[in-house]
Each structure stands twice: as C-alpha cells, then as structure tokens.
Amino acid sequence: MTNDLELAIKDAITTDDLKRVDQESKDRLLAQEETKLDLDSLENPPRIILGESSTTTHTYRLYSKGLVSEELIKDDTMLVVGLGLSLCDSHDNMKLEIKKALRNQKLAHPEAAELAAIIHGLKWALELGVESIQFFCDDSNILGYVTRKAEPNEPIVAKLLEQVSLLQTRFTSCQALAVSRDIISVIKLAKDAIASQTRWCEGDTEYESCPVCYAYVSPNDKFEVHGCFHRICVTCMRKPFSSEQLLRGNTAICPYPDCENDLVPEDCRGFADADAITLMIQRKKEKAIPVKDRVYCPNPSCSFLMSDLDLIRHVRNNPQQSEARKCMKCGLSFCKKCHVPWHYKKTCDEFKKSESYLKSDAALLESFVKTQGWKKCSQCQSIVQHGGGCIQMTCRHCKHEFCYTCGAACKKKKLTCKCSRSGK
C-alpha cells in the first residue's frame, strides 16, 4: 500500500480513533455546532429491544451517505467529498445528525466515499457509547462488500472495508442492512458538506461560483433546488420562467447542466411571478395526465384540465351518449368529441349539421383555423401553426410528430407519407 493511500485511509479513520474515548472527548463531540442532539435520550437510552439485542442494550440505527461531486471552485474544477450521518433510535426517531467535509482527493471515489461515511458513523457511535447498532446501505455494491458477499476491485475500497470490519467487532451487535426508507435528509447533509467546500473569501465577502453561468455570487444569492440539491444563482433560476419554456408546454426544470429535476412551484415564489407559478402548476398537472386522457372544459371561463378517467359520465352503457362528460369544476355537461355543451338527443354527426353548432364558438374556431391554413394535432387536438420550412411537425403539447400537409403520423421520427418535404 502506497503512502498516498495510507494517508487517504488515515483521513477516514486512524488507529487512535478506535481507542476508548473519554468523557471529555465525548463532550467536545456533542458541542459541535453542526450537530443536533437529543442529549437526554442518548445519555440515558431507553431500554427498548430490537432484534436479538441484549436486554440491557438499546439498538440504534445509523444512516449514512458519502457523495463525490465535481464542483467549480472559483476558476478551478475539482472533486469534493461530503458525508451525511444520522443516528436514530429503533423507531427511526432521529437523535443526532452531522455533516462532514473530506478534502482528501484519494477518497474522491463513489464507493470510497460511501465506506468513509460508514466508518465515520460507526466511530461516532462508539464515541457516544452505543453498543448495539444497525447501519443501512442504499448502495447494493457497498452492502455486498460489508456482508462479504462481494469483493471490491479498488485497493482503497478494500482497505476501507477492513476498517469497517474492525469497527464492527467493537460493538456487542452490529448488523448491515439495506435501506428501506427515504434518506433524503441524510443526502442533503452530504450535499451541504460539499457546498461548504466550494466557498472562498475575498476580503470580508464570501463567494460561491454558479455552476450554470460561472458568476461569483454570495451564498445568500443562491437557490438550492429541492430533490437534486443543486445550488444555482437566483439570476439563472429566473431563466426557465422568463423564456418560452412554460409557454411551449414544458415543465420548469433545474437549470443545472443535464439535470431534469422538476422545480417545485411553492419553492419558486421568491423569483417567479404569480402568473408563471400558475402556469407552472398547470404544466405539472398536464405532465401527470397521459395525453390521450387529457380533457379541457369547453367553458371559456373555466377551461379546467381533467383526466378522462376521472370524469363523471352522464349516461353509462348508452352508445349514443358515450362522449358525454361533466366538468368537475364548473359542472358543465359537454361533449368530449365536439367540445361544446352536451347536445341532448343528437349524435355528434347530427349536431355538427345543426344550426346550433354552426353558431357555436367551437364551429367559429374550426372555421377560423381552416381559413388560416392551420392544422389540429390528431393526437391531442391542439392547434398547430406551420412557420415555414420542413413539413414534419412536433406538437408542442403532446410531442406527437406528423406531416403538416396530410396529418400522417411519423414513425421513428421519419415521415411516412409522400408529401413534398418543402411544404410548398
């Protein structure tokens, strides 16, 4: 084992760490600023039995996460490691949590970071006097390593695994299990530890780089996206709302490169106006409903979006009224096919020949669309306007691809008809 590798292991755990920790060391640990602890419950653990533990031992649960991330720090890109740890009782009530930044590049390997988190967590539990523990892995490879069902390929991972095994022997009971619950809070701790390493000071001012625009900004001028935890400057966060992204029928997503995490409307009120938030909510609702099941109320003052599967049908088992629907918001009875108030005692074909239809808003719109030379998407019935160029069109609402001239659907993103490709 090389000296560099030994130094990397030492960064995760040292021999001295395995020695008994006196009360003074424990007090210093509990006083750390980034630790949240229910002191009474840890100093005097309840006598609750879990599994096959001793009747005098409370079994704690350790959740850990080690993450490696490529971060832009000022003008340099580098790999940084962050650990998140959460110690819970046997009922999964959080008793203590902590985050830790690792600056040793030798640990900037995903599996090494995960094992380093487990090592720090087990060492931490020993320092707190825990005797019986279960630690949970959300990575199947890591679980295979610690349960000896698989062997690692990387030397540093193998060395860290030895340290995990040594730590396990210091507990009266120590069991490795697969994660069976959400550990998003632990992931956030690891992400926060990473973020703490991306800041620098110039004079009295602290800065971070924005990974989207590369500008130097104050940490207070950054927004952390829920779910992916990317930290983006507020200026870049406004872009999905100031562009035509929402108007084109798309949902607002995190602007971090290649991230497809949807933004949460309520989280965006600080930098998006009320109209954009309303449209954002509408787009998220549309995305949740399959295109073929989307139905809009034809009432101009309503236009409520519904799933056809949830709509109330007036008459069941009656073929002549199979298109009858009732708006779940305004209560209007309407025809799903004709997009008009329900035409009682008439089929759709009969109604479209009637004077009532010819005077309806639906007929006027149909006439206007034909006059303008526009088309309707055959899949979702949205109006599509050809702006020139190729006749192969993609509906902005449902992404259906078709020929603008004849309406034939495309297959494998290619036209299937013989229409002129220029559209002239």
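Above: the structure in question.
What this report covers is the structure whose coordinates are included nearby.

About the thresholds
- Residues numbered from 1 in each chain as written.
- Predicted model: local features only at pLDDT ≥ 70, side-chain atom pairs only at ≥ 80, totals over all residues.
- Heavy atoms only, no water.
- 1 Å grid on protein atoms, 1.4 Å probe; cavity = no way out; pocket = protein on both sides within 12 Å on 5 of 7 lines; lining within 4 Å.
- Points joined across faces, edges and corners; volume = space filled by probe spheres on them.
- Helix = DSSP H or I, 4+ residues; strand = E, 2+ residues; numbered from the N terminus.
- Nonpolar A, V, L, I, M, F, W, Y, C, P; charged D, E, K, R; others polar.
- Axes fitted to C-alpha atoms, helices over the stretch in contact; angles between N-to-C directions.
- Parallel < 35°, antiparallel > 145°, perpendicular 65-115°, else oblique.
- Left-handed = near helix turned anticlockwise from the far one by under 90°.
- Contact = heavy atoms within 4.5 Å.
- Pairing = 2+ DSSP bridges.
- Buried < 20%, exposed > 50% of the residue type's maximum accessible area, 1.4 Å probe, protein only.

1. Notes on empty space enclosed by the protein
Now for step 1: Throughout the structure, instances matching the rule amount to one cavity of 30 Å³ or more.
Now for step 2: As a volume, the largest cavity reaches approximately 50 Å³.
Now for step 3: What lines the largest cavity is simply Ser64, Glu114, Ile118, Phe136, Cys137, Asp138, Asp139 and Ile142.
Now for step 4: Those elements giving two or more residues to the lining of the largest cavity turn out to be helix H4 (110–127) and strand S5 (132–137).
Now for step 5: Partitioning the lining of the largest cavity into residue classes produces four nonpolar, one polar and three charged.

2. Remarks on the packing of H4 against helix H6 (residues 155–168)
Now for step 1: Packing of H4 against H6 leaves a shortest axis separation of 9 Å and a crossing angle of 20°. Between H4 and H6, the crossing angle belongs to the class labelled roughly parallel. Read as a crossing pair, H4 and H6 show a hand that is left-handed. Of the residues in H6, those in contact with Glu111, Ala112, Leu115, Ile118, Ile119, Leu122, Lys123 and Leu126 of H4 are Ile156, Val157, Leu160, Leu161, Gln163, Val164, Leu167 and Gln168.
Now for step 2: Of the residues in the contact of H4 with H6, the class split is twelve nonpolar, two polar and two charged.

3. Observations regarding the sheet that holds strand S14 (residues 324–326)
Strand pairing in a sheet is mediated by backbone hydrogen bonds. Such pairs are either parallel or antiparallel.
Now for step 1: Taken together, three strands build an open sheet; the order of strands is S14-S15-S16 and the sheet is antiparallel. Each having just a single partner strand, S14 and strand S16 (340–341) make up the two edges of the open sheet.
Now for step 2: Here S14 runs beside strand S15 (residues 333–335); their pairing, made up of three bridges, is antiparallel. Paired with Arg325 across the strands is Phe334, a residue of S15.

4. Some remarks on unusual backbone geometry
As a rule of thumb, non-glycine residues mostly have phi less than zero, and peptide bonds are mostly trans rather than cis.
Now for step 1: A positive phi angle, close to 65°, is found at Phe229, a residue other than glycine.
Now for step 2: With respect to the helices and strands, Phe229 occurs in the loop between strand S10 (222–224) and strand S11 (231–233).
Now for step 3: Judged by its relative accessible area of 8%, Phe229 is buried.
Now for step 4: Positive phi outside glycine occurs at Lys413, with the angle close to 65°.
Now for step 5: Mapping Lys413 onto the fold places it in the segment after strand S20 (401–403).
Now for step 6: Here Lys413 falls in the exposed class, since its relative accessible area comes to 61%.

Shape descriptors only; they carry no functional weight alone.
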